[in-house]
Amino acid sequence: PKDSYTRFEPGFTLGGPLAKDKVWFFVGYNPSFETTDRTVTFLADNASRTMTQKYSRPANATANLTAQLGPKTRTRVSFTSSGYKQEGLLPALDGTSSPTANYAVNEISPNYSGSASLDFTPTSKLFISARGGYYRYNLYNEGVYDGTRYLFITSNVGMAGVPPNLQGAVGTTNVPTNFSTTRDIKTRMSAQLDATYYMSLGGDHQWKIGAQFDRIANDVLRGETGNLVRILWDRALAGNRGTYGYYQVRSNGVLPQRGFTTVGNIHSNNLGLFLQDSWTINNKLTLNLGIRTENEHIPNFSDKSYGLPDTAINFSFKDKLAPRVGAAYDLKGDGKWK
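Described in the following lines is the structure provided in the data block.

Notes on a nonpolar patch on the surface
Here's step 1: Together, Y197, W207, I209, L275, I291 and L321 make up a nonpolar patch on the protein surface, roughly 560 Å² of accessible area in all.
Here's step 2: In this structure, L275 sits in strand β18 (residues 261–280).

Quick notes on the sheet that holds strand β9 (residues 106–109)
Here's step 1: Strand order in this open sheet of six strands is β1-β4-β5-β8-β9-β12, and the pairing throughout is antiparallel. Two strands close off the open sheet at either side, each with one partner strand: β1 (4–8) and β12 (140–142). Averaged over all adjacent pairs, the angle separating strand axes in this sheet is 15 degrees, with direction ignored.
Here's step 2: The pairing of β1 with strand β4 (residues 32–41) spans five bridges and is antiparallel. Paired with F8 across the bridge in β4 is F33.

A closer look at the pattern of salt bridges
Pairing between side chains becomes possible if they bear opposite charge and their charged atoms approach one another.
Here's step 1: Inspection of the entire model under this criterion finds 13 salt bridges.
Here's step 2: A salt bridge links R131 to D194; the shortest N-O distance between them is 3.2 Å. Remark: D194 occurs in strand β14 (residues 179–200) and R131 occurs in strand β11 (residues 126–137); sequence separation between them is 63 residues.
Here's step 3: Exposure remark for R131: the relative accessible area of 35% places this residue in the partly exposed category.
Here's step 4: For E294, the salt bridge is made with R292, and the minimal N-O distance between the two is 2.9 Å.

Details of the packing of aromatic side chains
A ring pair, where both rings are aromatic, is described by two values, the distance of the centres and the angle of the planes.
Here's step 1: For the structure on display, the rule yields five aromatic pairs.
Here's step 2: Ring centres of Y112 and Y134 lie 6.5 Å apart, and the angle between their planes is 45 degrees; this geometry places the pair in the tilted category. With Y112 in strand β10 (residues 111–123) and Y134 in strand β11, this pair connects stretches of sequence that are 22 residues apart.
Here's step 3: The class of Y134 is partly exposed, set by a relative accessible area of 34%.
Here's step 4: Aromatic pair W233 and Y244: ring centres 6.2 Å apart, planes at 70 degrees, arrangement edge-to-face. Separated by eleven residues along the polypeptide, W233 in strand β16 (residues 228–233) and Y244 in the loop between β16 and β17 (245–250) bring together distant segments of the chain.
Here's step 5: W233 gets classed as buried once you look at its relative accessible area, which sits at 11%.
Here's step 6: The structure contains a cluster of three or more aromatic residues connected by ring pairs, namely F79, Y112 and Y134.

Here we look at unusual backbone geometry
Here's step 1: Positive phi, normally seen in glycine, also occurs at D234, with a value near 55 degrees.
Here's step 2: In this structure, D234 sits in the loop between β16 and β17.
Here's step 3: Taking the relative accessible area as the measure of exposure, D234 reaches 45% and is therefore partly exposed.
Here's step 4: The backbone of A238 shows a phi angle near 55 degrees, a positive value even though the residue is not glycine.
Here's step 5: Its location among the elements puts A238 in the loop between β16 and β17.

Here we look at the side chain of N156
Here's step 1: For N156, the location among the structural elements is in the loop between β13 (149–152) and β14.
Here's step 2: Within the structure, N156 has its side chain in polar contact with the backbone oxygen of L166 (distance 3.0 Å).
Here's step 3: At 2.6 Å, the side chain of N156 and the backbone nitrogen of G168 are in polar contact.
Here's step 4: If sequence neighbours within four positions are ignored, N156 has contacts with V162, L166, Q167, G168 and W233.

Reading the values: the criteria
Residues numbered from 1 in each chain as written. Predicted model: local features only at pLDDT ≥ 70, side-chain atom pairs only at ≥ 80, totals over all residues. Heavy atoms only, no water. Patch = residues over 30% accessible without salt bridge, like charges linked within 9 Å, V, L, I, M, F, W, Y side chains within 5 Å. Areas by Shrake-Rupley, 256 points an atom, 1.4 Å probe, with all protein chains shown as cover. Salt bridge = Lys/Arg side-chain N within 4 Å of Asp/Glu carboxyl O. Helix = DSSP H or I, 4+ residues; strand = E, 2+ residues; numbered from the N terminus. Pairing = 2+ DSSP bridges. Axes fitted to C-alpha atoms, helices over the stretch in contact; angles between N-to-C directions. Buried < 20%, exposed > 50% of the residue type's maximum accessible area, 1.4 Å probe, protein only. Phe/Tyr/Trp six-rings, centres within 6.5 Å; stacked < 30°, edge-to-face > 60°. Polar contact = N/O pair within 3.5 Å; in protein donor to acceptor, adjacent residues only side chain to side chain. Contact = heavy atoms within 4.5 Å.

Here it is in structure tokens:
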């Protein structure tokens, strides 16, 4: 049968001045709530069951505040939240999922970001700007099965010697998943300071110089809580066949009792410097010239408690030097064809 699906998505926005010609605000809230009901006939016991999954974004919101502090200074702060929560898993439509598996598995992902900027115009030819931001994302699961997952790559239906309760079609599995995320926290902090200067020298110049800083981090522990066992019923491997076929076990060298796993806590501090000029020689030709360099640190995922090596790649300013040249030409000098 078709899934039964409903979605409710209210929302509103509100904005305006708090102080005339000085302070303005804007807020928006747009949560969403959806429910999916699925009815499946399980092949294992030929029984029909209806399962429900709920997905919501209860904190989907944004807000910002802008202020004109004086004739030369303007500032703005903003905040955004857009996390979600998924409650429950749905069985496969073809009925190959196990009817006794735990489907009460939740996935939760809170995330938010904030930023601030300050613009200062000391003279008609000089413009100074400072900006900063912070972003945080996380993802984790609740209720995931802790143990080995078995997956039928081939069918054993009607196979001699296999009890009926252990028979299944291709894709039969004992649990929907054993892949769990304990944490996957990603953060990014950034800041930029730049100055723009306007001058006339053989045309109009717009010089800009600036520095950028980024700190990127990831603290993660996720993967299969046990091994993944793929069972190939009535199959041979390199000419060798067991009583019922053969099987494959997915593991790893650090935590052999688990399958694919990612674990580590890393961060990277990067600094970039740039200089550029937008040079309008006449009403038609504009040259965009620039150069950028970066000091970058690229770590690997490492965790000394598991004996993993702590290695990284580093780029200094002299290693990364990027020039840029661009041009724009206005055919008639009236801004209509470039």
